[in-house]
Amino acid sequence: MPHHPWLQARFSDIRPKAIAALISYFRDIDLAEESFSLACTKALDGWQKQGLPDDPFAWLLTVARNAGRDIIRKNKTRDDHKTQHAQDNTSHDAFDDVQEENEFRDDVLRLLFICCHPKLSIQDQSALALKIVIGLSVEEIACAFLVKSKTMEQRITRAKKTIAKDNIPFQSPDLIERAERLKTVSLMLYLLFNEGWSASTGDVQIKVLLCEEAIYLARLLLSLFPSQTETMGLLALMLFQHARYPARIENDKLILLKHQNRNLWNRTMIAEAHVLLEKALRHGTPGSFQIQAAIAGVHSNASAYEATDWAEIERLYAVLYQFEPTPIVKLNHAVAIAKTKGSAEALKILDDLDKELQNYRWFHSTRAAFLFELGQKDRAKTAYQTALALTPTEPEQAILREKFSNVKNNYPLCRNLPLSRVLGLSALGRKHKPKDETMSQTTMTTPGAAGWIGYSSPNRDEAVKFYRNVMEWTLTDLPMKDGSSVPGILVEDELIGGFSPEPADKGVWTIYITVKDVDDATDKARTAGAKIIREPTDVSGVGRIAIINDPHGARIAMITYESMQK
Amino acid sequence: MLYSFLIYSAEGIHGRLSPEEQELALEQHRLLQKKLDERGDFATAKLMPVSNAVTLKSKTDQGHKTLITDGPFADTKEQFVGFYLADFPNLDEAIAMADMISTPYHSIEVRPVSWSGGTLSSFQDG
């Protein structure tokens, strides 16, 4: 059968969403992969003869679902539970009623999130994503990770077993859950990109595949959640870096940023990264990826290494340290300080980091460079030797992992909580830090609590910037089911409110009081003389909300959170 | 008559082709551009992915406030990915030229231009 490259390309492009949808349909990764590949085989034949169907995605999905059901029927030896489940699922589902492509955003996110199982190494997490989500062959993945096919095969099989035991709920996640998943997945993609980027001399061309696929997946994520500023930041960061790829090797030698021929940088990629970053910054919800992208952007703007705006980079690292108070960020900050204030100043900062970074190659090589510049040649030599003695691979990964272990709301936070507890927290429910669990505390879902403040105004983005400057708030994007996002207000780790995307005639804050039954409470308020501004209405993924003006004209909202509704 | 070639495609497909296949597609464009250049003035643009865009919507119900959202939200199967603009003596010739860049993963709309203005400076990958 002739393999039409553009048909294959179309299958690859459809695959992530289709596989995600099939997994949520069959709850079985192998079956999903198998039925998708059967559907592609059918399409390869049919589409060449009859042309493309109107909706290739829906076509493939329908055919794959049928193929999967056939497999289940024929293969009685399959796990009974799974069979039963798939049958249950199909019996009440209108089979040809395939949802719109964009309905699958939570499915794709869930699938990527499942790949990020905390028991898997970063490498295995990414290998799994490349295999299942992108559909790369084991050989391709093995080659990119510089291991034997056989080894990779075993690792993927083992990893699949690990995630099969996992029990990620299949219903739509709430706002906070979705935000956490996005964060975890973004981190995995960033580390995948880094795996490709931190190749040693001989492997640059081989490992570039990992960078490209990380970028592909970041694009996919952004197309599903187009308002997520940190996803924009992540993609911008990758593009700024990847744009330098053509200048990274010369005569088989790795060229450092300092010595790269900047004319070789990919200007289209840099332009795109700038656009994404600019778009993200408009929202006024800065985060680690956006700031890192901004730093990469400063480098991209410089016509030569000597022309780099180190003062700006130094400022940005100082800001980054507030978001990510880790020794690595401090080390990078010190490098920038060396450029602006001199090596002596920078060396002082390094002295404080000695304990934390003693296994980090770059720490010692940076220190050596500073010492050398200050004329302390013997000490510089010792530092260089320490750097060289450290192997470049695993410790660096460990540090990279550790770099993010302090990031708030990271994966383990929700994993360590029993499922019931996660679901028990309402969509907008405050997330407790585990240490708070012993303390008695009013939660958002306690009737009577003033659990949430909401803001509307004619210009949300400007308002967000105003309040970020004035209040001690961290603003973070809360991803909604439809792919949009709402800037949420974090105080330490607690979510206390958010900014509505709906423009209002003038700025107004509304306090949301938790009530047992919002319909009941609204009736009572009406009887007592309140004016009902908004009758009780359901907000998907949040709860049921009513807004009233009390008899004296004061506005207040009442809410029964989704998790309280039984 | 001034005609535009409006090119639509599922955005991800081009990137999923092998570098050789991508090069073949680009070569078609280079040939067309060479042809158009020999004939006179033309304009062309390749657009960035829709994720890089913002969409403005005027809210008529709320004092004409403009709502700015990220990207076109509706995930349409095909996106507007680029265009050409040039003068052709007749539709047949415009179609013949547009056919130079047709591929199985694009659709090209040949649409007459009712008005055009401004000037374009070129931006190219350096």
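Residues numbered from 1 in each chain as written. Chains lettered and ligands numbered in written order. Predicted model: local features only at pLDDT ≥ 70, side-chain atom pairs only at ≥ 80, totals over all residues.

### A closer look at the overall build of chain A
Of regular secondary structure, chain A possesses 23 helices and 10 strands. For chain A, the proportion of its 566 residues judged to be buried stands at 41%. A sequence separation of at least 24 residues applies to 62% of the contacts in chain A between residues at least 6 apart. (Helix = DSSP H or I, 4+ residues; strand = E, 2+ residues; numbered from the N terminus. Buried ≥ 20, exposed ≤ 12 C-beta atoms within 10 Å, placed from the backbone. Contact = placed C-beta atoms within 7 Å.)

### Remarks on the overall build of chain B
The helix and strand tally for chain B stands at three helices and six strands. Written out in order from the N terminus, the α and β elements of chain B read β-α-α-β-β-β-β-α-β. Counting the 126 residues in chain B, one finds 18% classified as buried. Considering only contacts in chain B between residues 6 or more positions apart, those separated by 24 or more positions represent 72%.

### Concerning the interface of chain A and chain B
Taken together, the contact between chain A and chain B spans 29 residues of the former and 29 residues of the latter. Of all elements in the fold, only α1 (5–26), α10 (204–224) and α12 (267–282) of chain A reach the threshold of two or more residues within the side of chain A that touches chain B. Class assignment for the residues of the side of chain A that touches chain B results in 11 nonpolar, nine polar and nine charged. (Nonpolar A, V, L, I, M, F, W, Y, C, P; charged D, E, K, R; others polar.)

### Some thoughts on the packing of α1(A) against helix α2 (residues 29–50) of chain A
Helix packing geometry: the angle between the two helix axes and the distance between the axes. Residues and elements named next belong to chain A. One can describe the packing of α1 onto α2 by two numbers: an axis separation of 9 Å at closest approach and a directional angle of 145°. Crossing handedness for the pair α1 and α2: right-handed. Seen from α1, the contacting residues are L7, F11, R15, A18, I19, L22, I23 and F26; seen from α2, they are I29, L31, A32, E33, S35, F36, C40, L44 and W47. Taken together, the residues of the contact of α1 with α2 sort by class into 14 nonpolar, one polar and two charged. (Axes fitted to C-alpha atoms, helices over the stretch in contact; angles between N-to-C directions. Left-handed = near helix turned anticlockwise from the far one by under 90°.)

### Section: unusual backbone geometry
Residue and element names in this part refer to chain A. Phi at R27 takes a positive value of approximately 55°, unusual for a residue other than glycine. When the 16 C-beta atoms within 10 Å are taken as the criterion, R27 is described as partly exposed. For L146, which is not a glycine, the phi torsion comes out positive at approximately 60°. Inspection of the secondary structure assignment puts L146 in the loop between α7 (138–144) and α8 (149–164).

### Things to note about the sheet that holds strand β3 (residues 450–456) of chain A
Residue and element names in this part refer to chain A. Within the open sheet, the eight strands sit side by side as β4-β5-β6-β3-β7-β10-β9-β8. Their pairing is mixed. The open sheet has two edge strands with one neighbour each: β4 (474–479) and β8 (531–539). Each strand axis lies, on average, 30° off the axis of its neighbour in the sheet, ignoring direction. Looking at chain direction, β8 and strand β9 (residues 543–549) are connected through six bridges and run antiparallel. Bridge pairing links R534 to I547 in β9. Each of β4 and β6 (494–499) touches helix α9 (residues 175–197); the most contacted strand, β4, lies at about 100° to it. Docked against the sheet, helix α22 (residues 460–470) engages β3, β4, β5 (485–491) and β6, running at close to 140° with respect to β6. (Pairing = 2+ DSSP bridges.)

### Remarks on the confidence of the model for chain A
Residues and elements named next belong to chain A. Per-residue confidence for chain A gives a mean pLDDT of 82; residues scoring 70 or more make up 85%. Below a pLDDT of 50 lies the segment residues 90–96, which in the model reaches four contacts outside its immediate sequence neighbourhood of four places, other chains included. In this model, residues 394–441 is a region of pLDDT below 50 whose contacts with residues beyond four sequence positions or in other chains number 76 contacts. (pLDDT = per-residue confidence, 0-100.)

### Focus: the packing of helix α11 (residues 229–242) of chain A against α12(A)
Residues and elements named next belong to chain A. Look at α11 against α12: their axes get within 8 Å of each other, and the N-to-C directions meet at 160°. The angle between α11 and α12 places the two elements in the roughly antiparallel class. Our pair here, α11 against α12, has a crossing hand that is left-handed. In contact with T229, M232, G233, L235, A236, L239, F240 and H242 of α11, α12 contributes M269, I270, E272, A273, L276, L277, K279 and A280. Residue composition of the contact of α11 with α12, grouped by class: 11 nonpolar, three polar and two charged. (Parallel < 35°, antiparallel > 145°, perpendicular 65-115°, else oblique.)

### So, the sheet that holds strand β5 (residues 79–87) of chain B
Residues and elements named next belong to chain B. With respect to topology, four strands assemble into an open sheet ordered β2-β5-β1-β6, the strand pairing being antiparallel. The open sheet has two free edges, formed respectively by β2 (42–46) and β6 (106–112), since each of these has just one partner strand. Each strand of the sheet is rotated relative to its neighbour by a mean of 15°, with strand direction disregarded. For strand β1 (residues 2–9) and β6, the ladder comprises seven bridges, and the chain directions are antiparallel. Paired with F5 across the two strands is V110, which belongs to β6.

### Section: helix α3 (residues 56–74) of chain A
With 19 residues, α3(A) should reach 27 Å at 1.5 Å per residue; the first-to-last C-alpha distance of 27 Å fits that figure. By the burial criterion, the buried members of α3(A) are A:F57, A:L60, A:L61, A:V63, A:A64, A:R65, A:A67, A:G68 and A:I72. (Expected span 1.5 Å × (residues − 1).)

### Concerning α11(A)
Helical periodicity: at 3.6 residues per turn, an α-helix aligns residues three or four positions apart in one direction. The terminal C-alpha atoms of α11(A) lie 20 Å apart, and with 14 residues this matches the ideal 20 Å at 1.5 Å per residue to within 8%. Most of α11(A) is tucked away: 14 of the 14 residues are buried.

### Notes on the environment of B:L17
Turning to its location among the elements, B:L17 is positioned in the loop between α1 (11–16) and α2 (19–39). For B:L17, a count of 21 C-beta atoms within 10 Å translates into the label buried. Beyond its immediate stretch of four places on either side in the chain, B:L17 contacts A:P5, A:W6, A:A9 and B:Q22.

### A closer look at the environment of A:Y245
Residues and elements named next belong to chain A. Structurally, Y245 can be placed in the loop between α11 and β1 (249–250). Note on Y245: 19 C-beta atoms within 10 Å, which makes it partly exposed. Counting along the chain gives 204 residues from Y245 to A449, while the straight-line C-alpha distance between them is 54 Å.

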